[in-house]
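Structural features, examined
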Amino acid sequence: MGEEQQVSSSYWLETAPDGHHPALDGDLGVDVAVIGAGIAGLSTAWELTRAGRSVAVLEAGRVAAGVTGHTTAKVTALHTLVYDKLRRTRGPEGARLYARSQSEAIGHAARIAEELGVDCEWETRSAYTYARDPGRVAQLRAEAEAAAEAGLPASFVTETGLPFPVAGAVEVTGQAQFHPRKYLLALAADLVERGGRIFENTTVLGLDEGEPCRLSTATGATVRARDVVVATHYPIFDRALLFARLSTRRELVVAGTIPAGQDPDGMFITPDEDTRSVRTAPLEGDRRLLIVTGEHFTPGTSDPRARLERLTAWATGHFPDLEVTHRWATQDTEPTDTVPMVGPLHPGARHAYVATGFGGWGMTGGIMAGRLLTAQITGEECEWSGLYDPRRLKTAVREAPALLKTQAKVAGHFVGDRLRPSPPVESLPPGEGAVVRADGHRVAVYRDEDGGLHAVSARCTHLGCLVDFNAAERAWECPCHGSRFDTDGKVIQGPATKPLEQRDL
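Attention here is on the structure that accompanies the text. Numbering of residues starts from 1 in every chain and runs along the sequence as written. Owing to the predicted nature of the model, reporting of local features is limited to residues with pLDDT of at least 70; listing and counting of side-chain atom pairs is limited to 80 or more, with chain, interface and lining totals taken over all residues. With hydrogens and water stripped out, all remaining heavy atoms of the structure feed into the side-chain values.

**Digging into the state of the cysteines**
A pair of sulfur atoms, both from cysteines and within 2.5 Å, is called a disulfide here. In total, this model carries 1 disulfide according to the counting rule given. Sulfur-sulfur distance for the disulfide between C465 and C480 comes to 2.0 Å. Across the disulfide from C465 to C480, rotation about the S-S bond amounts to roughly -90°, and the bridge is consequently left-handed. Residue C465 is located in the loop between β20 (453-457) and β21 (468-470), and its partner C480 is located in the loop between β22 (475-477) and β23 (484-485); the two are separated by 15 residues in the primary sequence. Grouping residues by exposure puts C465 and C480 together as buried. Strands here are runs of E lasting at least two residues and helices are runs of H or I lasting at least four, both read from the DSSP assignment and numbered beginning at the N terminus. Burial classification: accessible surface area is computed with a 1.4 Å probe over protein chains only, and a residue below 20% of its type maximum counts as buried, one above 50% as exposed, and the rest as partly exposed.

Rendered as structure tokens:
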């Protein structure tokens, strides 16, 4: 694979100005501490500030630069194929609550953008779940019926704006798309203006759920707060066996310019072809930015370069005038029982909350979570608290096969990856990495472009699985729970909070 198959930076990160915030350098006391500055964390912090609470946001990296900074940013309540399943597993009322909570998030975000006067490239579009295989038509018809029954403006159609025929599609009108980072930077600025505080490059290591709660950080500072919200995409604390109920997938993104006249005018996704998601975004002049997502895989289990080549070929094959400008990757966390987990962190929690498991639909999910958690922390009623409650057990038991499958994969990696053959270090070409044996230990070794070797422990600092090398992004990835590290072992993405240990060869 050539250099062209390397992942570059996200379009959203390149086209929104940085909002710099200091690192926490001393002890602090607030009403609420929010861990994570993605859309769920910032939405929660912003809502709480509006409700009169003193709030501190603690972000290990930069604001809106993690998962939210790499999303495709569809703001829609149509989540591929979910409503027919929900009406069977949660009943018609559960499906209705899901649709209403996600739909209200769209309207709420539109009002916030208007109130703050932010140009976040908000556009109203229809959302489509489509299939090219006629064998999917019955499933799509059932989904359209279930979504309409749940209260969405949904219908089954056979014509779309895509440049190829489809066997059928679910269409939901009145959905939206936007620039996620421009929206969240405006939210962060308004939060600070109202007295909230944001700390970047501040890694939280521990949580003591006393009264008040105490958070310990990598810098040695302590944060005291009556309430704590864990909004780190994948929770960094597991006090309700959440790790057993979540799986992680990584997905590639190809973006570039097309003539405005070739805009398919909608947001599209198919569960087939290893997922293909399509949307556009506005550009100056007579061009639009086309964003194509797909080729999902478990972190640490695949060489993404071949997948990136396939995705690029699919995009340019269907949009021949596409001029590719960006390639990046995103990461999603899937709950084993379909619905995100938003609410108390564990059955005994009184002041600790979590928001996770958005399954690739974090835009509406994160906005919804901010409103739901604010209601719970301020003592208000929320109609869908029970639907999203992380402490739910009935649905977890009902969908136990998915949970068991997830845990079997984790166990397989924990044991099987230690039996993999070890290549000789001398065989590593520049820009490549591999896990090798050295003095009886597994060592993750990367050879840089100048020939220098970078060696770190291959044991993930989260729960001890072995990492593997992602050559397209030049990162070490854990296949068990999705933690990611750079070539020198620094944490890129949690749930790990500590770097890989340095090793000598």
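**Describing the packing of helix α2 (residues 39-50) against helix α4 (residues 91-116)**
It is the contact of α2 with α4, at a shortest axis distance of 14 Å, that shows an interaxial angle of 65°. Overall, the two elements α2 and α4 adopt an arrangement that is roughly perpendicular. Crossing handedness for the pair α2 and α4: left-handed. Here W46, E47 and R50 of α2 come into contact with α4, specifically with H108, I112, E115 and L116. Its residues assigned to classes, the contact of α2 with α4 comprises 3 nonpolar, 1 polar and 3 charged. Axis definition: a line fitted to C-alpha atoms, limited for helices to the stretch in contact. Angles are taken between N-to-C directions and run from 0 to 180 degrees. Roughly parallel here means an angle under 35 degrees, roughly antiparallel means over 145, roughly perpendicular means 65 to 115, and every remaining angle is called oblique. Should the near helix be turned anticlockwise from the far one by less than a right angle, the crossing is left-handed, and should it be turned clockwise, the crossing is right-handed. By definition in these notes, contact holds between two residues if any of their heavy atoms fall within 4.5 Å. Under the convention adopted here, Pro, Cys and the residues Ala, Val, Leu, Ile, Met, Phe, Trp and Tyr are nonpolar, Asp, Glu, Lys and Arg are charged, and Gly plus all remaining residues are polar.

**Let's talk about the side chain of T257**
Residue placement: T257 occurs in strand β11 (residues 246-259). Separated by 2.9 Å, the side chains of T257 and R287 make a polar contact. Residue contacts for T257: discarding those within four places in its chain leaves L283, R287, R288, D321, L322 and E323. Counting of polar contacts relies on pairs of N or O atoms within 3.5 Å, with two restrictions inside protein: one atom must be capable of donating a hydrogen and the other of accepting it, and residues adjacent in sequence are counted only when both atoms are side-chain atoms.

**Focus on empty space enclosed by the protein**
Cavities and pockets are found on a 1 Å grid laid over the protein atoms alone: a cavity is a set of points where a 1.4 Å probe fits but cannot escape, a pocket is an open set with protein on both sides within 12 Å along at least five of seven lines, and a lining residue has an atom within 4 Å of such a point. Grid points are joined across faces, edges and corners, and a volume is the space filled by probe spheres set on the points. As enumerated under the stated definition, the model contains 1 cavity of 30 Å³ or more in all. Volume-wise, the largest cavity comes out at about 30 Å³. Forming the walls of the largest cavity are K74, T76, L78, A127, Y128, T129, M267, F268, I269 and W361. Among the elements of the structure, β4 (123-131) and β12 (267-270) are those that each provide at least two residues to the lining of the largest cavity. Split by residue class, the lining of the largest cavity holds 7 nonpolar, 2 polar and 1 charged.

**Let's talk about the packing of aromatic side chains**
Note on aromatic pairs: the rings of Phe, Tyr and Trp (six-membered ring only in Trp) are paired at centre separations within 6.5 Å, and the planes decide the class, stacked below 30 degrees, edge-to-face beyond 60, tilted for the rest. Overall, the coordinates contain 10 aromatic pairs when judged by the stated rule. Look at Y128 and F268: their rings are 4.8 Å apart centre to centre, the planes differ by 10°, and that puts the pair in the stacked class. Of this pair, Y128 sits in strand β4 while F268 sits in strand β12; the two residues are 140 residues apart in sequence, bridging distant segments of the chain. The same class applies to Y128 and to F268, which are both buried. With centroids separated by 5.7 Å and ring planes inclined at 35°, the aromatic side chains of Y446 and F469 adopt a geometry described as tilted.

**Considerations on helix α5 (residues 137-149)**
Along an α-helix, a turn takes 3.6 residues, which lines up residues three or four apart on a common side. Taking 1.5 Å per residue as the helical rise, α5 with its 13 residues ought to reach 18 Å, and the 18 Å between its terminal C-alpha atoms agrees with that figure. Every buried residue belonging to α5 is among V137, L140, E143, A144, A146 and A147, and all of these are buried. Elements that come into contact with the buried residues of α5 comprise α3 (83-89), β4, β5 (154-157) and β6 (168-177). One or two positions beyond α5, positive phi appears at G151, with a value near 110°. A helix is expected to span 1.5 Å multiplied by its residue count minus one.

**Remarks on helix α7 (residues 304-318)**
Compared with the 21 Å implied by 1.5 Å per residue over 15 residues, the 21 Å span of α7 between its first and last C-alpha is a close match. Listed in full, the buried residues belonging to α7 are P304, R305, R307, L308, L311, T312, W314 and A315.

**Looking at the nonpolar core**
Joining through side-chain atoms within 4.5 Å is the link that ties buried Ala, Val, Leu, Ile, Met, Phe, Trp, Tyr and Cys residues into a set, and such a set is a nonpolar core. If you look at the biggest cluster of nonpolar residues, it comprises 83 residues, and the most contacted ones within it are L42, V57, Y83, Y183, V342 and Y388. Considering every element that reaches this core, the biggest residue donor is α4, with 9 residues. Leaving out residues up to four positions away in the same chain, V57 has contacts with V34, G36, A37, L42, A45, L191, R197, I198 and F199. Grouped together as the second largest cluster of nonpolar side chains are 28 residues, F199, L207, A349 and A352 included.

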